[in-house]
Amino acid sequence: MLDRKPWKLWEAALLISPFVLSIVVAQFAQSQVPANAPPPVFSLSNFLLNSMVFLAYAACAVGILMSKYELSLDAVLGIKKGPLIQLLPTAFFIGFSIVPLMFILQMGCHLFFKSMGIAVEVQKSIQTLKSMDTPIQILLFSLMPVIQAPLVEEILFRGILFPSLRISVPRWVAYTAPALLFSAVHLSLLNALPLFALALLLTWQYEKTGNLLCPVLTHAGFNLCNVLLARGIIPLEKIIPPS
């Protein structure tokens, strides 16, 4: 079970706000680009730099809590809790196993938005991944969804925000607020419901095990499966033939 954490809700909000604001600002800047402008050239070096900045920020946020409350890394994130040999491989496998359910939710969202006449598009990161043609680009870009995103997002949303909400608000709010925020920062209308459902599962995992590595590995497994699908390594069209 998740231990009670000493930091306050306002502290958690303060720590995650730069991450959220950076995504909001980037999206606003992108929205100001004229529709007829040529697509931006993807820069792998800038992409890797941004990934390192996000990882460093998450590490600093944990370090601040460790320093202020004189806690160990395990006390903040519970990385040693539970039978790790059983928990961690299971958590990674769960990430793969839930992809079909998320795909069904995504298809339901697609049909709903289509019936409402609302245009939706594939997530930008998936579009970028599909457009790459060199193995080194694909490998380095895949580090973001498989390593950087699970670490940063789980540390901030589950590791820092959820425990502070858990002792401050009703349990259903503690679950739904981080899930809504998690879904929103991905900036994908098509994936909003699947990501919300994923976030609820990851929060439940963390609360039940008290070990943040469990949602990190489930998140990583889920994203790895989606990378393999996007690149056609797992041939989705053979599993689910196009209608």
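As the structure is a prediction and not an experimental result, all values here were calculated from the model.

Peer 1: Even after reading the chapter, I still don't get the overall build of the chain, so can you show me in this structure?
Peer 2: Scanning the chain from N- to C-terminus turns up eleven helices and zero strands. Along the chain, helices (α) and strands (β) appear in the sequence α-α-α-α-α-α-α-α-α-α-α when read from the amino end. By the compact-globule yardstick of 18 Å for 243 residues, the chain fits well, its C-alpha radius of gyration being 18 Å. Its C-alpha atoms give the chain principal-axis dimensions of about 50 × 40 × 40 Å. The buried share of the chain, taken over its 243 residues, is 37%. A separation of at least 24 residues holds for 80% of the contacts in the chain among residues at least 6 apart in sequence. Accessible area for the chain stands at about 13200 Å²; split by element, carbon and sulfur atoms hold 72% of it. Here the chain contributes 15 positive and 10 negative side-chain charges, whose respective centroids are spaced 5 Å apart.

Peer 1: Looking at this model, I keep getting lost on a nonpolar patch on the surface. Mind explaining?
Peer 2: Taken together, the side chains of F112, M116, I118 and L189 present a nonpolar region at the surface, about 390 Å² in accessible area. Checked against the element boundaries, M116 lands in the loop between α5 (99–115) and α6 (124–131). Exposure remark for M116: the relative accessible area of 53% places this residue in the exposed category.

Peer 1: Sorry if this is basic, but what is going on with the pattern of salt bridges here?
Peer 2: Pairing between side chains becomes possible if they bear opposite charge and their charged atoms approach one another. The full count for this structure, using the stated rule, is five salt bridges. Linking K81 and D3 is a salt bridge whose minimum nitrogen-to-oxygen distance equals 3.3 Å. You can see K81 sitting in the loop between α3 (73–77) and α4 (84–97) and its partner D3 sitting in the segment before α1 (9–31), a full 78 residues away along the chain. Given a relative accessible area of 43%, D3 falls into the partly exposed group.

Peer 1: Can you walk me through helix α9 (residues 192–209) in this structure?
Peer 2: Side chains three or four residues apart in an α-helix point the same way, a direct result of the helix having 3.6 residues per turn. The terminal C-alpha atoms of α9, which comprises 18 residues, lie 26 Å apart, in line with the 26 Å expected from a rise of 1.5 Å per residue. Looking at α9, one finds that the buried residues are P194, L195, L198, A199, L202, T203, Q205, Y206, E207 and T209. Packed against the buried residues of α9 are α3, α4, α5, α7 (135–166), α8 (171–185) and α10 (213–230). Positive backbone phi, at 70 degrees, marks G210, one or two positions downstream of α9.

Peer 1: What should I look at first to understand the state of the cysteines in this one?
Peer 2: Between two cysteines, a covalent bond joining their sulfur atoms is known as a disulfide. Overall, the coordinates contain zero disulfides when judged by the stated rule. C225 provides the cysteine sulfur closest to C214, a residue in no disulfide bond, and the two sulfurs are 19 Å apart.

Basis of the calculations
- Residues numbered from 1 in each chain as written.
- Predicted model: local features only at pLDDT ≥ 70, side-chain atom pairs only at ≥ 80, totals over all residues.
- Heavy atoms only, no water.
- Helix = DSSP H or I, 4+ residues; strand = E, 2+ residues; numbered from the N terminus.
- Rg over C-alpha atoms; globule rule 2.2 N^0.38 Å.
- Buried < 20%, exposed > 50% of the residue type's maximum accessible area, 1.4 Å probe, protein only.
- Contact = heavy atoms within 4.5 Å.
- Areas by Shrake-Rupley, 256 points an atom, 1.4 Å probe, with all protein chains shown as cover.
- Lys, Arg positive; Asp, Glu negative; His and termini not counted.
- Charge placed at Lys NZ, Arg CZ, Asp CG, Glu CD.
- Patch = residues over 30% accessible without salt bridge, like charges linked within 9 Å, V, L, I, M, F, W, Y side chains within 5 Å.
- Salt bridge = Lys/Arg side-chain N within 4 Å of Asp/Glu carboxyl O.
- Expected span 1.5 Å × (residues − 1).
- Disulfide = S-S within 2.5 Å.

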